[in-house]
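Structural characterization, general
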Amino acid sequence: MDLQLEVRARNERNGFRRRLLAWYGNHRRDLPWRASRDPYRVWLSEIMLQQTRVAAVIGYYQEFLRRFPTVTKLAAAREAGVLAAWSGLGYYRRARMMHAAAKVIVREQGGRFPASEKELRALPGVGRYTAAAIASIAFNKPVAVVDGNVERVLQRVAGKRLAGEELWTAANDRLDAKRPGDFNQAMMELGAVVCTPRAPGCLTCPVIEMCATRGELAATAKVVPQKKREIHYALDQRDGEVFLVQRARDASLMPDMWELPEMASRNGASSPSFTLRHSVTVTDYAVGVWREVAAGRARGKWIPLEQLDRIALTGLARKILRRAEML
Ligand code: SF4
């Protein structure tokens with residue numbers, strides 16, 4: 001690159017950082033995990049926010065910290081208690097991995113969080129994104145993050161599709177090495193509230209002058225069609241108790257979690273007590289709930305209603321019990 005172009009590119013990156021950070025300072029949302037740079041809290045929020053919306057995470061984040069305020073407390077907890085605190089957030093593998101990582105941190109590091117991206121990535125459940133987020137936000141290490149929001153901003157600013165390693169390189173090129181944690185959060189925030197997937201708010205965007213697209217990039221992504229499935233459950237209830245079954249320990253999905261007993265599909269004149277819809281990744285479930293005696297009571301258990309918030313329920317079981325006003 002000739003010298004003039006290099007100087008122009010450097011000025012452009014500096015301007016981008018300055019404007020983005022100034023905007024973040026004035027407009028960032030006041031979220032509970034932004035009050036602290038404690039690595040345990042940063043880690044917890046980053047894991048919870050994977051695949052889950054901010055609004056849904058806030059309550060769980062606060063309650064989880066109330067139950068397990070430190071990594072040592074989390075490491076010492078029983079898995080059932082950790083899953084119960086996670087119950088309703090979905091993707092329970094995240095909770096299991098956090099629990100396993102907490103034990104490693106306590107056993108091998110005396111409860112002290114590793115600070116480098118490399119050591120963080122060696123922990124169970126910590127991938128490249130999470131390691132970079134913790135290293136930059138909690139330890140001020142100059143490493144950029146790439147998540148869905150950052151990816152969208154980078155591509156629109158560049159005016160082209162970027163894939164794989166190109167994205168990480170573009171993010172690291174733009175990173176403010178003096179304030180990497182703020183910069184990373186600012187990029188994610190911009191993608192979440194201004195440079196949104198549909199109808200980005202370009203007129204209020206702090207980096208509009210440096211953006212090649214100023215709108216949506218032409219879409220090339222394929223839409224994955226949703227599958228439809230019907231499923232039925234027995235809501236078997238007696239005085240102050242409900243009958244639930246526990247998924248197998250080695251089940252590939254949601255092992256050990258509690259749910260209502262599933263029933264064979266129904267044909268005929270009768271209809272369920274109530275129905276609801278439930279979506280899991282690419283499947284839409286039409287759920288029928290029948291107030292009747294569960295078949296095969298041998299493998300389940302009567303659970304007192306007041307204990308329901310202390311056991312790890314599947315998201316769908318929680319939804320049904322809420323609808324039935326038992327939870
Ligand atoms: Fe996104 Fe528009 Fe800002 Fe470009 S100008 S980064 S498209 S919000």
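Cut-offs used in this document
- Residues numbered from 1 in each chain as written.
- Predicted model: local features only at pLDDT ≥ 70, side-chain atom pairs only at ≥ 80, totals over all residues.
- Heavy atoms only, no water.
- Pairing = 2+ DSSP bridges.
- Helix = DSSP H or I, 4+ residues; strand = E, 2+ residues; numbered from the N terminus.
- Salt bridge = Lys/Arg side-chain N within 4 Å of Asp/Glu carboxyl O.
- Buried < 20%, exposed > 50% of the residue type's maximum accessible area, 1.4 Å probe, protein only.
- Axes fitted to C-alpha atoms, helices over the stretch in contact; angles between N-to-C directions.
- Parallel < 35°, antiparallel > 145°, perpendicular 65-115°, else oblique.
- Left-handed = near helix turned anticlockwise from the far one by under 90°.
- Contact = heavy atoms within 4.5 Å.
- Nonpolar A, V, L, I, M, F, W, Y, C, P; charged D, E, K, R; others polar.
- Core = buried A, V, L, I, M, F, W, Y, C linked by side-chain atoms within 4.5 Å.
- Domains from an automatic or database assignment.
- Buried area = accessible area lost by both parts, 1.4 Å probe.
- Polar contact = N/O pair within 3.5 Å; in protein donor to acceptor, adjacent residues only side chain to side chain.

**Quick notes on the pairing of strand β1 (residues 227-234)**
Pairing of β1 with strand β7 (residues 283-290), which is carried by 8 bridges, proceeds in the parallel orientation. When the sheet's bridge partners are listed, Lys228 is paired in β7 with Asp284. Judged from the 2 bridges that link them, β1 and strand β5 (residues 262-263) form a sheet pairing that is antiparallel. Residue pairing in the sheet places Tyr233 in a bridge with Glu262 of β5.

**Considering the pattern of salt bridges**
Enumeration according to the criterion identifies 18 salt bridges in this entry. The shortest N-O distance in the salt bridge between Arg96 and Glu79 comes to 3.6 Å. Remark: Glu79 occurs in helix α5 (residues 79-86) and Arg96 occurs in helix α6 (residues 93-109); sequence separation between them is 17 residues. Its relative accessible area of 25% is what places Glu79 among the partly exposed residues. Each of Glu79, Arg96, Arg249 and Asp256 takes part in a single network of salt bridges with overlapping partners.

**Some remarks on unusual backbone geometry**
Negative phi values dominate among residues other than glycine, just as trans dominates among peptide bonds. Located in the positive-phi region is Gln51, a residue other than glycine, with phi close to 65°. Tracing the chain through its elements places Gln51 in the loop between α2 (39-49) and α3 (54-67). Of the residues examined, Gln51 reaches a relative accessible area of 56% and is grouped as exposed. Look at Glu325: it is not a glycine, yet its phi comes out positive at around 60°. Among the structural elements, Glu325 can be located in the segment after α12 (315-323). On the basis of relative accessible area, Glu325 is assigned to the exposed category, the value being 73%.

**Quick look at the packing of α5 against α6**
In a packed pair of helices, the relevant descriptors are the angle between the two axes and the axis-to-axis distance. For the pair α5 and α6, interaxial distance at closest approach is 9 Å and the crossing angle is 135°. In terms of their interaxial angle, α5 and α6 are classed as oblique. The hand of the α5/α6 crossing is right-handed. Residue-level inspection shows Glu79, Val82, Leu83 and Trp86 of α5 in contact with α6, the latter providing Arg94, Ala95, Arg96, Met98 and His99. Per-class residue counts for the contact of α5 with α6 are 5 nonpolar, 1 polar and 3 charged.

**What to know about the sheet that holds β5**
A sheet is described by the order of its strands in space; here 4 strands give the open sequence β5-β1-β7-β6, paired in mixed fashion. Each having just a single partner strand, β5 and β6 (274-280) make up the two edges of the open sheet. Sheet analysis places β6 next to β7, joined by 7 bridges and oriented antiparallel. Following the sheet pairing, Val280 is matched in β7 by Thr283. Across the sheet, α12 lies against β1, β6 and β7, angled at about 155° from β6, the strand it touches most.

**Overview of the nonpolar core**
Formed by 73 residues in total, the largest nonpolar core has its most connected members in Leu20, Tyr40, Trp43, Phe64, Leu74, Trp86 and Leu190. Of the residues forming this core, the biggest block, 8 residues, is contributed by helix α8 (residues 128-139). Non-local contacts of Tyr40, meaning those with residues more than four positions away in its chain, are made with Phe64, Leu65, Phe68, Pro69, Thr70, Val71, Leu74 and Phe113. Core analysis: the second largest hydrophobic core is formed by 22 residues, Val242, Phe274, Leu276 and Leu316 among them.

**A word on the domain arrangement of the chain**
For the chain, the assigned domains read domain 1 (31-141) and domain 2 (227-323). The centre of domain 1, based on its C-alpha atoms, is set 29 Å off from the matching centre of domain 2. Between domain 1 and domain 2, the contact holds 9 residues from the first and 14 residues from the second. When the two sides are added together, the surface that domain 1 and domain 2 hide from each other amounts to roughly 730 Å², 52% of it contributed by carbon and sulfur. It is Ser87, Tyr92 and Arg96 that lose the most area in domain 1 upon contact with domain 2, and together they represent 51% of the buried surface on that side. Applying the counting rule to domain 1 against domain 2 returns 1 salt bridge. One salt bridge connects Glu79 with Arg249, and the closest N-O pair in it is separated by 3.0 Å. Seen at the junction of domain 1 and domain 2, the total is 5 residue pairs in polar contact (both at pLDDT 80 or more). Sort the elements by how many residues they give to the side of domain 1 that touches domain 2 and α5 lands first, with 3 residues.

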